[in-house]
Amino acid sequence: VYSFTMDKSWMHKSRLTEEYENGLDQFLDFAFDNVCLNGKIICPCKQCKNALWMDRETAKEHLIIDGFIKGYTHWVIHGEGSSNSQNNIQNERLNTFEDMHNLVHDAFGVEDDNINSEEEPNEEEEPNEEAKTFYKLLDDAQQELYPGCKDFSRLRFIVRLFHLKCLGKWSNKTFTMLLELLKEAFPEQTNSLPKSYYEVQKIIGALGLTCVKIDACPNDCMLYRKEHANDDACHVCNTSRYIEGENNSVSEEASSSKCKRVPAKVLRYFPLKPRLQRLFTSSKTASFMRWHKEERTKDGQLRHPSDSPLWHAFDHQHPDFAEDPRNIRLGLAADGFNPFRTMSVAHSTWPVILTPYNIPPWMCMKEPFFFLTLLIPGPSPPGNNIDVYMQPLIEELQELWGGVNTYDASAKENFNVRAALLWTINDYPAYANLSGWSTKGELACPSCHKDTCSKYLQKSHKYCYMGHRRFLNRYHPYRKDTKSFDGNEEYRRAPIALTGDMVSEEITGFNIKFGKKVDDNPTLPLNWKKRSIFFDLPYWKDSLLRHNFDVMHIEKNVCESIIGTLLNLEGRTKDHENSRLDLKDMGIRSELHPISLESGKHYLPAACYSMSKKEKEIVFEILKTVKVPDGYASNISRRVQLKPNKISGLKSHDHHILMQQLLPIALRKVLPKHVRTPLIKLCTFFRELCSKVLNPQDLVRMGKDIAKTLCDLEKIFPPSFFDIMMHLPIHLAYEAQIAGPVQYRWMYPIER
């Protein structure tokens, strides 16, 4: 254990400065003196993450290019010990101002090395108020609480006081009295402190630590804002705004009461505009906002949403928006989760998150650029009423379409930044909530629309969705094959994708009220439940792709059906007595019809996809013994049980890995060739679709190949196997042609 006292403030300087390089040399000297092994040390850069051994030159190169791991200021792995308490106290004092420096940068979405003295505003144009706030907070983060104080900066002390207020549930008046007492008792030391809670709130608010709380009707009918801000009851269902005990109806005594009451439901809204403006506060981040125009590779391949036809079509439709590359394109994701992490409590809270697409691939869809804008409270999901909670966000997006004044630190100028929402990202149930098209019943597919091919299975009591031959070439022999399919020839063409104008035409003129207790809404045509609030955006109806299927959730559904059916897992197999009786009712595949026994029971003949006991053991053994690199996937082997054979507890990403990597290996030595071949082709399709670089011609080929593969599966498996709309991979291939790689249109990074 070694003691080490060194000023580490250089770690937060620009990596291009001489001060950073000198400090880095001192760190390397210290590390190689103490923990060198065969001429190498563990590299603490953001990519190696203290996991790989590197020589001095390589480690120095990594630390200049990538920088240190965030927060690694106490070098315990490189020989800095903790036995000397005085040294630790000194290091803590040195890092006090660094922590506040990081806090300000995180609040404004700026990396540690993005701000240096060269980025101070020049004399040509004065920064706007947002930029001034940022520079003011930087000064506060570096300003000592009083001359000679090494433990607290002004900002750190204010944040700590505010934290104590929150933990102790102090009233605002008590907090103001404490500030007044401190200033009275220590006038010289506390001269820089704010005078009241109101001033503290302004400082904390500048850090982005506040949100707008909007009361909501507990039945999801309305928000108490604008002209209804002072209402005491919902104007739709007359339910009390506040918790009134067992009787929720509004009484005259309650409405006239002056006492403070607790709202029954509160929406938390985090304004988007300030966070988009902060992307331009740093010159480095501001330059990345132009990356899609100035630096991306333009070779016809799809690597980024900016390479996609949808992006270029939007530029063509709105040339005034495309004229300035700093204008921001956004994606929106929404899904429910249980904040209590237990299945015994039924609760669903819905976050709504936006992410910008201007930035390069190594920054896009990463945590620092996920902007939580709405937190819709539970305990029940909003369902079709989610539009009620989306109102403040849609209004802000309308304002951003017109533009807001922003300071660009890279150009040293104020400009009018605009923003547009390209699409939404959601799993299948959330798709219905955001689009307005119900994903249940006879017309469940929002892509096939009124041409959804479905059939109700009388014995299984559910719909199945087949008709994959529609997506084949016009003269494909499968179209006339009646015996292998549903007994009919297929002459229909593939359904045409809906345009925004077609949607508007179908649902215009219907007045829909929101709320759980509303039961007098008009009946909309087809599977429509509402006109989506996104159509209030002036550009929404012109978009080529408004809503995206989340690839990983589709993989999960497909993988569960395949594994459950092949391994005959109880409760998850799609091959059961009712499914065989449905085959009998349809008059197809007589060899699979159940055989009646004298005991009154039915015997189910073995199908070509039925595995023997030995084959099942092979598959389970492969999954049980699989090992993957750290961080690649969860420990799938822990989810597999050999005696009895059982698989449980797999997450969406586990199914993603199973589908693309493990299932093709597990099926190589089992099942007849005509069964395993289309299954392996389906796995290959998902693996190709999730590639980082896509070729447009390959996507056209993949769309044709997957249609043929799904037809092969339709010949093999019973109709109940297709209750999850197995034709969705065809639509995924189309979406990739329009919008580019799926890595920018899936929920996994956000859910994680």
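About the thresholds
Residues numbered from 1 in each chain as written. Predicted model: local features only at pLDDT ≥ 70, side-chain atom pairs only at ≥ 80, totals over all residues. Heavy atoms only, no water. Helix = DSSP H or I, 4+ residues; strand = E, 2+ residues; numbered from the N terminus. Buried < 20%, exposed > 50% of the residue type's maximum accessible area, 1.4 Å probe, protein only. Contact = heavy atoms within 4.5 Å. Areas by Shrake-Rupley, 256 points an atom, 1.4 Å probe, with all protein chains shown as cover. 1 Å grid on protein atoms, 1.4 Å probe; cavity = no way out; pocket = protein on both sides within 12 Å on 5 of 7 lines; lining within 4 Å. Points joined across faces, edges and corners; volume = space filled by probe spheres on them. Nonpolar A, V, L, I, M, F, W, Y, C, P; charged D, E, K, R; others polar. Salt bridge = Lys/Arg side-chain N within 4 Å of Asp/Glu carboxyl O. Pairing = 2+ DSSP bridges. Expected span 1.5 Å × (residues − 1). Arc of directions from axis to C-beta. Axes fitted to C-alpha atoms, helices over the stretch in contact; angles between N-to-C directions. Parallel < 35°, antiparallel > 145°, perpendicular 65-115°, else oblique. Left-handed = near helix turned anticlockwise from the far one by under 90°. Phe/Tyr/Trp six-rings, centres within 6.5 Å; stacked < 30°, edge-to-face > 60°. Lys NZ or Arg CZ within 6 Å of the ring centre and 35° of its normal. Core = buried A, V, L, I, M, F, W, Y, C linked by side-chain atoms within 4.5 Å.

- Within an unreviewed UniProt entry, the label attached to the protein chain reads TNP2, and the organism entered is Antirrhinum majus.

## Quick look at the overall build of the protein chain
Here's step 1: On a plain count of helices and strands, the protein chain comes out with 24 helices and 17 strands.
Here's step 2: When each of the 752 residues of the protein chain is scored for burial, the buried share is 52%.
Here's step 3: The contacts of the protein chain with a sequence gap of at least 6 include a subset with a gap of at least 24, amounting to 64%.
Here's step 4: About 36,400 Å² of surface is accessible on the protein chain, with carbon and sulfur atoms providing 50% of the total.

## Some thoughts on empty space enclosed by the protein
Here's step 1: A complete count under the given rule lists five cavities of 30 Å³ or more for this structure.
Here's step 2: Approximately 50 Å³ is the volume attributed to the second largest cavity.
Here's step 3: Surrounding the second largest cavity, I563, L566, L567, M611, V619, L623, L663 and L667 form its lining.
Here's step 4: Those elements that provide at least two residues to the lining of the second largest cavity are α17 (551-566) and α19 (613-625).
Here's step 5: Class assignment of the residues belonging to the lining of the second largest cavity gives a composition of eight nonpolar, no polar and no charged.

## Comments concerning the pattern of salt bridges
Once their charged atoms are close, side chains differing in charge can pair, the charge on each being opposite to the other.
Here's step 1: Counted under the stated rule, the structure contains 33 salt bridges.
Here's step 2: A salt bridge links R261 to D232, with the nearest nitrogen and oxygen atoms 3.6 Å apart. Residue R261 is found in the loop between α8 (252-256) and β4 (266-269), and its partner D232 is found in the loop between β3 (212-215) and α8; the two are separated by 29 residues along the sequence.
Here's step 3: Owing to a relative accessible area of 18%, R261 belongs among the buried residues under this scheme.
Here's step 4: Taken together, the salt bridges that share partners define one network made up of D324, R326, D408 and E413.

## A few points about the pairing of strand β9 (residues 413-417)
Here's step 1: The pairing of strand β8 (residues 404-408) with β9 spans five bridges and is antiparallel. Within β9, the position partnered with D408 by the bridge is E413.
Here's step 2: The loop that links β8 with its antiparallel partner β9 comprises four residues; one of these, K412, has a positive phi angle of about 55°.

## Considerations on the environment of I724
Here's step 1: Relative to the helices and strands, I724 is located in the loop between α22 (696-716) and α23 (728-739).
Here's step 2: Sequence separation between I724 and V558 is 166 residues; the distance between their C-alpha atoms is 7.5 Å.
Here's step 3: The contact partners of I724, leaving out residues within four places of it in the chain, are N557, V558, S561 and K574.

## Some details on helix α21 (residues 673-689)
Here's step 1: A rise of 1.5 Å per residue sets the reference length of α21, with its 17 residues, at 24 Å; its end C-alpha atoms lie 24 Å apart and thus fit the reference within 8%.
Here's step 2: For α21, every residue scored as buried is listed here: V675, P678, L679, L682, C683, F685, F686 and L689. One side of α21 holds all its buried residues, which, seen down the axis, span an arc of 150°.
Here's step 3: In the core, the buried residues of α21 are packed alongside α17, α20 (652-666), α22 and α23.

## Brief notes about the packing of α20 against α21
Here's step 1: In contact at an axis separation of 8 Å, α20 and α21 are set at 150° when each is read in the N-to-C sense. Here α20 lies roughly antiparallel to α21, going by the angle between them. Of the two possible hands of crossing, α20 and α21 adopt the one that is left-handed. Contacts from M659, Q660, Q661, L663 and P664 in α20 reach I680, L682, C683, F686 and R687 in α21.
Here's step 2: Among the residues making up the contact of α20 with α21, the classes are represented as seven nonpolar, two polar and one charged.

## Topic: the packing of aromatic side chains
Here's step 1: If you walk through the whole model with that rule in mind, you get 26 aromatic pairs.
Here's step 2: Seen in terms of ring centroids, W437 and W528 are 5.0 Å apart; in terms of plane orientation they differ by 85°. Their pairing is edge-to-face. One end of the pair, W437, is in the loop between α15 (428-435) and β11 (455-457); the other, W528, is in the loop between α16 (500-507) and β13 (547-549), with 91 residues separating them in the sequence. Each member of the pair W437 and W528 is classed as buried.
Here's step 3: Through a chain of ring-to-ring contacts, three or more aromatic side chains come together here, namely W10, Y20, F27, F68 and W75.
Here's step 4: A cation over a ring is seen here: R418 above W401, with NZ or CZ 4.5 Å from the ring centre.

## Considering the nonpolar core
Here's step 1: Counting 79 residues, the largest nonpolar core has I562, L566, M659, L679, L682, L689 and F717 as its most contacted members.
Here's step 2: Listing elements by their share of this core, those giving two or more residues are α15, α17, α18 (577-586), α19, α20, α21, α22 and α23.
Here's step 3: Excluding residues within four positions of it along the chain, M659 makes contact with E555, V558, C559, I562, P664, L682, C683 and F686.
Here's step 4: Judged by nonpolar contacts, the second largest core, of 75 residues, contains Y389, A420, I512 and F514.

## Here we look at the environment of G300
Here's step 1: Note on placement: G300 falls in the loop between α11 (291-294) and α12 (309-317).
Here's step 2: For G300, a relative accessible area of 52% gives the class exposed.
Here's step 3: Residues G300 and L694, 394 residues apart in the sequence, show an inter-C-alpha distance of 9.4 Å.

## Section: the pairing of strand β5 (residues 328-334)
Here's step 1: With seven of seven residues buried, β5 is to be regarded as a mostly interior element.
Here's step 2: Of the two faces of β5, the one holding I328, L330, L332 and A334 and the one holding R329, G331 and A333 are both buried throughout.
Here's step 3: Bridge count between β5 and strand β10 (residues 419-426): six bridges; the pairing is parallel. In the strand pairing of β10, I328 is matched with A419.
Here's step 4: The sheet contact formed by β5 and strand β6 (residues 350-356) spans five bridges and is antiparallel. In the strand pairing of β6, G331 is matched with T355.

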